[in-house]
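Overview (structure and organization)
Below, each chain spelled out in residue letters.
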Amino acid sequence: MKAYVEMGQYDKLQEYLGLLENDLDQVNQLCDSGNVNLDAILNSKISLAEKNGIRVDYKATCPANLTVSDIDLCALIGNLIDNAVEACEGLADPYIRLYIGVLKNQLYISITNATKDTVRKLDSEYITTKRGNHGHGLKRINLVVEKYEGYINRQNEPGVFVTEIMLPL
């Protein structure tokens, strides 16, 4: 939104806000993790995934005191769910399993999703399969994990992709 304002593209901003408002009108109140901002992103992303025919199993519990900022946490979760939803496109039995909680005094995030592809790697790092100027979600996820000196593990087997993240509390 800031970019549209900075470029003076108020018509594009108005269009974007209209689309956002339409999407948010269809958001169900599904999660009560204990973190209002996290709940907002979870409710939005899960509602949209379910609207697209993706079965979503989730459990989210967020401790009151976090070292990770709400902005970084929401960017992390938003990108993880966006990637999972995209991987489910066109599948006969699309699903996402999401868990957020405390494990060994760390914030533990696990997301598992169905996929039709084996995700490509370059030097042990997963890379986007999209053409053009893409892959920012993966970079953003990695940057947030690095910023908080956390741990990330991604596993890809035929038909399933798993990301686990641990962030210090």
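The preceding data block contains the structure.
Right, let's walk through the structure included here.

Reading the values: rules and limits
- Residues numbered from 1 in each chain as written.
- Predicted model: local features only at pLDDT ≥ 70, side-chain atom pairs only at ≥ 80, totals over all residues.
- Heavy atoms only, no water.
- Helix = DSSP H or I, 4+ residues; strand = E, 2+ residues; numbered from the N terminus.
- Buried < 20%, exposed > 50% of the residue type's maximum accessible area, 1.4 Å probe, protein only.
- Contact = heavy atoms within 4.5 Å.
- Areas by Shrake-Rupley, 256 points an atom, 1.4 Å probe, with all protein chains shown as cover.
- Expected span 1.5 Å × (residues − 1).
- Polar contact = N/O pair within 3.5 Å; in protein donor to acceptor, adjacent residues only side chain to side chain.
- Pairing = 2+ DSSP bridges.
- Axes fitted to C-alpha atoms, helices over the stretch in contact; angles between N-to-C directions.

**Some details on the overall build of the chain**
- Per the secondary structure count, the chain includes 5 helices and 7 strands.
- The secondary structure elements of the chain, listed N-terminal to C-terminal, are α-α-α-β-α-β-β-β-β-α-β-β.
- Counting across all 169 residues of the chain, residues that qualify as buried make up 39%.
- Restricting to contacts in the chain with at least 6 residues of sequence separation, those with at least 24 account for 59%.
- As displayed, the chain has an accessible area near 10200 Å², and 50% of this comes from carbon and sulfur atoms.

**A few points about helix α3 (residues 36-51)**
- For α3, built from 16 residues, the straight-helix expectation of 22 Å at 1.5 Å per residue is met to within 8% by its first-to-last C-alpha distance of 22 Å.
- Turning to α3, its buried residues are Leu-38, Asp-39, Leu-42, Asn-43, Ser-44, Lys-45, Ile-46, Ser-47 and Ala-49.
- Where α3 begins, one side-chain oxygen reaches toward the backbone nitrogen of Asn-37, 3.0 Å away; that side chain belongs to Asn-35.
- Following α3 by one or two positions, Gly-53 has its phi on the positive side, about 85°.

**Thoughts on the sheet that holds strand β7 (residues 160-168)**
- Taking strand neighbours across the sheet as the criterion, the 5 strands line up as β1-β2-β3-β7-β6 in an open arrangement whose pairing is mixed. Strand pairing shows two members of the sheet lacking a second neighbour, β1 (55-60) and β6 (151-157), which therefore form its edges. Sheet twist, expressed as the mean angle between neighbouring strand axes with direction ignored, is 10°.
- Bridging between strand β3 (residues 106-114) and β7 involves 9 bridges; their strand directions are antiparallel. If you follow Ile-109 over to β7, its bridge partner there is Ile-165.
- Contacting β1 and β2 (95-103), α3 runs over the sheet at an angle of about 165° to β1.

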